[in-house]
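# Understanding the architecture of this molecule
These are the residues of each chain, in order.
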Amino acid sequence: MDNFKTIISLAVRVLISIVLIAVFLWGGWEIFLTLKAMKKEPEQAAAARPKTAVKVQRVRREDFQEYFSGYGLARSLRSTDVEAEVSGIVKWISPKLEAGQAIEADEELVRIDDRDLAETVAEARASLTQAEAAVEALNVDEEGINRQLVVAREELEVAKRELERLNTLLKTGKIPPSTVDKQVLLTTAREREVLELEWREKSQRPAMERAAAEISVRKSQLAKAQNGLARTVILAPFAGRVVQRYIQPGARTGPGKPLFRLVDLSNIEVPISLGASHFREVKIGADASLQLHENGASVWQGEVARISPTVNSADRTFTAFFEVQGHSNGSSVPPGAFVLATIAGPVHKDVFVVPRSAFIGEKLFVAERSESSGGEAIIHERHPKVKKFLPDLALVKGGLEPGDEVVVTSVEEIDEGSRVVVVEEDDEGESEK
C-alpha cells in the first residue's frame, strides 16, 4: 500500500513539472512576439546602378585621303657584270675597283696587256697602206690611159679629115690613088690605137673596183684591230657603285669572262604587291613613300611609274612599280632592301571618319550630354550610311551630324538609353596615375 502511494506522489510531481515548463515556454514565446512587434524595420536605400565609362570621338565632315600599303624588294634598273671582250693578261686594276666604291661613268678601271693587239693594229695599218698604194698605181695608169686616149682620138679625127680631103682631090685627078691609100692605112692605124686604149680603159675598171674593195677590207681589219686594242682598257659603262670584283692583277682573262659587277643607284625600282581589291584605285603618278621594313628608317619619296595590267591568280595581288630618283653616291634605296611602301589612293569627299571599333555590326552609339550633366550622357543608337570600311576606320556618308560624339570604347556594354560617364583623355591619364 505504501508503494502505491509513493508512485502516485512521483506521478503528481512529474505532472506538475511538465505543466510549469509548458507555462514558462508559453510565456517566453509571448514575450518574443511582443518584442518583435515593437521592433522597427530599418529603412533600405535603393542600390545605385554603376554607370559605364566610355570614350567618345567628336566627328566632323572632311575630305579623307586613303592610303595603301604593300611590300617589295628594291632593285636597280641598271646593273651589270662587265666582261672582258679580248684575251690577255690583266696588267692593271684601279685602286677604286673595290666593293662599295663609287665609280664615275667612263672611268678607267682595268687594263689588259695590249702588245699582241698593238702588233695586229700595225699589221692591219701596213696592209691598208699597201692596198692604198696599189689603188694609187691603178689611178696613175688610168690617168695615163685617159690622156693617151684623148690624144689618139684627136689624131684619128685629123686623119679622117685628111682622108676626106684626099678623096676630093682624087676625084678631080689632082693626086694619084696611092696617096689616098696611104692615108687610109694611117687612119686605120689611128682607129686601132683608139680601140686599144678604150679596151685598156674598160679592163682597168674591174681592177680599180677590186682595189677599192681591198681598201675597204683593210680598213675594216684595221678598225677591228683598233677596237680590240681599245677594249684592252675597260671603262665604267655608267656611274654607280662596285658590287664585286672577280679578277686579280696577273690573271688571264678572255671574251665573256666577268671582271666586276656594277650597279646604278640613281635609278631604283621597287615592285610593290597590293591586294587585288585596290586594282582600280591605284593610279600611275600617285605619290608614294618608302621606308625600310626592318627599322622603319630612311623614307624616300617617289611616284607610281607603272602598274601591272594583270592580277596574280595565286595570291590575288597585282604589282605597282615605284621609281625612286636618287644619286649614284648611294643616297637612294639600296637594291635588295625589303621595303614598306605607302601609296596615295583615292580622296573621299565630305565624309565622317569613325574608328572601325565603334561599330557593332552596322550600328554605332552616340553620347548625348547636356550642359549641366558633367560627364554623364545618354546613349542613342544610330544606323549610319557607310561609304567604305577600311581596316581600322569607317567612312560614313550619312546618318551622323557634325559635332556628334561617337562612342569608341565599351560599345558591347551599352545600348539605347544607357547612361554612361564620358571619360576625357586627360581624366583617364590622371586616373592611370
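Criteria and cut-off values
Residues numbered from 1 in each chain as written. Predicted model: local features only at pLDDT ≥ 70, side-chain atom pairs only at ≥ 80, totals over all residues. Heavy atoms only, no water. Helix = DSSP H or I, 4+ residues; strand = E, 2+ residues; numbered from the N terminus. Buried < 20%, exposed > 50% of the residue type's maximum accessible area, 1.4 Å probe, protein only. Contact = heavy atoms within 4.5 Å. Salt bridge = Lys/Arg side-chain N within 4 Å of Asp/Glu carboxyl O. Expected span 1.5 Å × (residues − 1). Core = buried A, V, L, I, M, F, W, Y, C linked by side-chain atoms within 4.5 Å. Pairing = 2+ DSSP bridges. Axes fitted to C-alpha atoms, helices over the stretch in contact; angles between N-to-C directions. pLDDT = per-residue confidence, 0-100. Patch = residues over 30% accessible without salt bridge, like charges linked within 9 Å, V, L, I, M, F, W, Y side chains within 5 Å. Areas by Shrake-Rupley, 256 points an atom, 1.4 Å probe, with all protein chains shown as cover. Parallel < 35°, antiparallel > 145°, perpendicular 65-115°, else oblique. Left-handed = near helix turned anticlockwise from the far one by under 90°. Nonpolar A, V, L, I, M, F, W, Y, C, P; charged D, E, K, R; others polar. Phe/Tyr/Trp six-rings, centres within 6.5 Å; stacked < 30°, edge-to-face > 60°.

### Examining the overall build of the protein chain
Secondary structure assignment for the protein chain yields 4 helices and 23 strands. Out of the 433 residues belonging to the protein chain, those deemed buried represent 30%. Of the contacts made within the protein chain by residues no fewer than 6 positions apart, 77% connect residues no fewer than 24 positions apart.

### Some words on the pattern of salt bridges
By the definition in use, this model includes 25 salt bridges. A salt bridge links Glu269 to Arg306, with the shortest nitrogen-to-oxygen separation between them at 2.2 Å. Within this pair, whereas Glu269 is found in strand E13 (residues 267–275), its partner Arg306 is found in strand E15 (residues 300–307), the two being separated by 37 residues in sequence. The exposure class assigned to Glu269 is buried, which follows from its relative accessible area of 2%.

### A few points about helix H2 (residues 115–172)
If you check H2, its first and last C-alpha atoms are 86 Å apart, about what 58 residues at 1.5 Å a residue would give, namely 86 Å. Backbone geometry just after H2 places Gly173 at a positive phi near 80 degrees.

### Re the nonpolar core
In this structure, Val270, Ile272, Leu274, Val282, Leu290, Val333 and Ile343 are the most contacted members of the largest nonpolar core, which totals 25 residues. At the level of secondary structure, the elements contributing two or more residues to this core comprise E13, strand E14 (287–292), E15, strand E16 (317–325) and strand E17 (338–355). Ranked by size, the runner-up nonpolar core spans 19 residues in total, among them Val82, Ala84, Val242 and Phe260.

### Comments concerning the sheet that holds strand E18 (residues 364–368)
One open sheet accounts for 6 strands, arranged E1-E23-E19-E18-E22-E2; its pairing is mixed. The outermost strands of the open sheet, each flanked by one partner alone, are strand E1 (52–54) and strand E2 (56–58). Strand-to-strand twist across the sheet, computed as the mean angle between neighbouring axes with direction ignored, equals 45 degrees. Across 3 bridges, the pairing between strand E19 (residues 376–382) and strand E23 (residues 419–422) is antiparallel. Note that in E23 the partner of Glu376 across the bridge is Val421.

### So, the environment of Gly144
Assignment of secondary structure puts Gly144 in helix H2. Relative accessible area serves as the criterion here: at 26%, Gly144 is assigned to the partly exposed category. Taking C-alpha positions, Gly144 is 9.8 Å from Glu201, a pair spaced 57 residues apart along the chain.

### Structural notes on the side chain of Ser94
Note that Ser94 resides in the loop between strand E6 (88–93) and strand E7 (102–103). In this structure Ser94 touches Glu108 and Leu109, once residues within four positions along its chain are discounted.

### Points about the sheet that holds strand E9 (residues 233–235)
In spatial order, the strands read E9-E8-E6-E11; together these 4 strands make up an open sheet with antiparallel pairing. The strands lining the two open edges of the sheet, one partner per strand, are E9 and strand E11 (252–253). Inspection of the sheet shows E6 paired to E11 by 2 bridges, in the antiparallel sense. Across the sheet, Gly88 pairs through a bridge with Thr253, a residue of E11.

### Overview of the pairing of E17
Residues in a regular strand project their side chains so that they alternate between the two faces of the sheet. Sheet topology note: the strand E3 (residues 61–73)/E17 ladder contains 11 bridges and is antiparallel. Bridge assignment links Gly72 to a residue of E17, and that residue is Val339. Alignment of E14 against E17, held across 5 bridges, turns out to be antiparallel. Paired with Leu292 across the strands is Val339, a residue of E17. As judged from the 4 bridges shared by E17 and strand E21 (residues 393–398), these two strands associate in the antiparallel manner. Counterpart to Val353 in the pairing with E21 is Leu395.

### A short note on the confidence of the model for the protein chain
The predicted model of the protein chain has a mean per-residue pLDDT of 86, with 87% of residues at 70 or higher. Predicted confidence for residues 427–433 stays below pLDDT 50, and this span has 2 contacts to residues more than four positions away or in other chains.

### Observations concerning a nonpolar patch on the surface
Together, Tyr71, Leu73 and Phe338 make up an exposed nonpolar region whose accessible area comes to about 280 Å². Examined against the element boundaries, Leu73 turns out to sit in strand E3.

### A word on the packing of H2 against helix H3 (residues 177–230)
Interhelical geometry of H2 versus H3 gives an angle of 165 degrees and a closest axis separation of 6 Å. With respect to H3, the element H2 is oriented roughly antiparallel. Crossing hand, H2 versus H3: left-handed. Of the residues belonging to the contact of H2 with H3, the class tally is 29 nonpolar, 13 polar and 17 charged.

### Observations regarding the packing of aromatic side chains
Within this structure, the stated rule accounts for 3 aromatic pairs. Ring centres of Tyr71 and Phe338 lie 5.4 Å apart, and the angle between their planes is 20 degrees; this geometry places the pair in the stacked category. Separated by 267 residues along the polypeptide, Tyr71 in strand E3 and Phe338 in strand E17 bring together distant segments of the chain. Of the residues examined, Tyr71 reaches a relative accessible area of 39% and is grouped as partly exposed. For Phe338, a relative accessible area of 31% corresponds to the partly exposed category.

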